[in-house]
Amino acid sequence: MKKLVLALVAGSALVASAPVFAADLNEPIPEAPAMAPVATSSAFDWTGAYVGAQAGYGWGTVKTGSGDKDVSGFTGGVYGGYNYQVDPHWVVGGEADVMMGPSDKFTSGGTSVKASTDWFGSVRGRVGYAFDNILVYGTAGAVVGQGTAKFNGGSDDNTHVGYVVGAGIEAALTNNITARAEYTYTGTNDKTYTVGADSVKTGLDGSLVTVGLGYKF
């Protein structure tokens, strides 16, 4: 009788524990945690070489014996350089350009004079701040150019050297095509242009506003 009671108690314990085992067996196995996506940057990368063409309008003054004369005209040329993006925002680089013109006519002491900038070129540094595909920058460097003055049936030309400073804004339209607008001021040494008994002493000083279209490699 005692053995029968013990057997019943043991059987009851097994029956009571059966739902627990079943619950353990039916519990789903937890899934492995998903890997977090790798962050990628979609910001435009300004690092690289580039070339472009530009056109604009320049204005300045010519010093004459009868006072300063305003001159202005259109200009155009090519440029090229290299940018290096230091971090997500700061961009540094160097650029060189060659431009033609402008030219204009004025009267000095009753003499008609045509003053023109045959060509000028500059080598400049650039420092900019990038807002993704928009770059705002400042620039400064050295400039050299040749001017010609025609009057009294003849002409004279001189080479000028000086400095150039300015600022601009550039936008990347695609991964390779950029567009920009720029303002620069050029100051050069004065040279004397002489034809016959008359002379004009002046430099190639003035302001220039250009727009350009470039290709980034």
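Our subject is the structure that appears above.
Now for a look at the structure at hand. (Residues numbered from 1 in each chain as written. Predicted model: local features only at pLDDT ≥ 70, side-chain atom pairs only at ≥ 80, totals over all residues. Heavy atoms only, no water.)

Quick notes on the pattern of salt bridges
Applying the stated criterion across every chain, the model contains 6 salt bridges. Between glutamate 95 and arginine 124 there is a salt bridge; the shortest N-O distance is 2.9 Å. Of this pair, glutamate 95 sits in strand β3 (residues 90-100) while arginine 124 is found in strand β5 (residues 111-131), placing the two residues 29 residues apart along the sequence. You can call glutamate 95 buried: its relative accessible area is 2%. In this structure, the salt-bridge partner of glutamate 170 is arginine 126, at a minimum N-O distance of 3.3 Å. Taken together, the residues span a long stretch of sequence, with glutamate 170 in strand β7 (residues 154-172) and arginine 126 in strand β5 at a distance of 44 residues. This pair shows no difference in class: glutamate 170 is buried, exactly as arginine 126 is. (Salt bridge = Lys/Arg side-chain N within 4 Å of Asp/Glu carboxyl O. Helix = DSSP H or I, 4+ residues; strand = E, 2+ residues; numbered from the N terminus. Buried < 20%, exposed > 50% of the residue type's maximum accessible area, 1.4 Å probe, protein only.)

Here we look at the environment of tyrosine 84
Position of tyrosine 84 among the secondary structure elements: in strand β2 (residues 67-85). A sequence separation of 38 residues divides tyrosine 84 from tryptophan 46, and the C-alpha atoms of the two residues are 6.6 Å apart. Those residues in contact with tyrosine 84 that lie beyond four places of it in its chain are Thr47, Trp90, Val91 and Val92. (Contact = heavy atoms within 4.5 Å.)

As for the side chain of glutamine 85
Locating glutamine 85 in the fold gives a position in strand β2. Polar side-chain contacts of glutamine 85 include one of 3.2 Å to the backbone oxygen of proline 88. If sequence neighbours within four positions are ignored, glutamine 85 has contacts with Phe44, Asp45, Trp46, Thr47, Trp90, Val91 and Ala130. (Polar contact = N/O pair within 3.5 Å; in protein donor to acceptor, adjacent residues only side chain to side chain.)

Observations concerning the packing of aromatic side chains
Tallying each qualifying case throughout the model produces 7 aromatic pairs. Considering the side-chain rings of phenylalanine 44 and tryptophan 46, the 4.9 Å spacing of their centres and the 80° angle between planes classify their relative orientation as edge-to-face. Residue class for phenylalanine 44 comes out buried when judged on its relative accessible area of 10%. Ring geometry for tyrosine 50 versus tyrosine 79: centroids 6.3 Å apart, planes at 55°, classification tilted. A residue pair is termed long-range when its members are at least 10 positions apart, and tyrosine 50 in strand β1 (residues 48-64) and tyrosine 79 in strand β2 qualify at 29 residues. (Phe/Tyr/Trp six-rings, centres within 6.5 Å; stacked < 30°, edge-to-face > 60°.)

Looking at a nonpolar patch on the surface
A contiguous nonpolar patch, built from Tyr82, Tyr84, Val86, Trp90, Val92 and Val127 and spanning about 580 Å² of accessible area, is present on the exposed surface. Of all the elements in the fold, those that place two or more residues in the nonpolar patch are β2 and β3. Residue position: valine 86 is located in the loop between β2 and β3. (Patch = residues over 30% accessible without salt bridge, like charges linked within 9 Å, V, L, I, M, F, W, Y side chains within 5 Å. Areas by Shrake-Rupley, 256 points an atom, 1.4 Å probe, with all protein chains shown as cover.)

Concerning unusual backbone geometry
The residue after glycine 101, namely proline 102, is reached through a cis peptide bond having omega 10°. Tracing the sequence through the fold places proline 102 in the loop between β3 and β4 (103-108). With a phi close to 60°, aspartate 132 is a non-glycine residue in the positive phi region. Looking at the secondary structure, you find aspartate 132 in the loop between β5 and β6 (134-151). Its relative accessible area of 38% is what places aspartate 132 among the partly exposed residues. The backbone phi angle of asparagine 152 is positive, close to 55°, even though this residue is not glycine.

Quick word on the pairing of β2
Alignment of β1 against β2, held across 17 bridges, turns out to be antiparallel. Looking across to β2, one finds that valine 51 is bridged to glycine 80. Between β1 and the antiparallel strand that follows it, β2, lie 2 residues. (Pairing = 2+ DSSP bridges.)

Distances and angles like these do not, on their own, reveal function.
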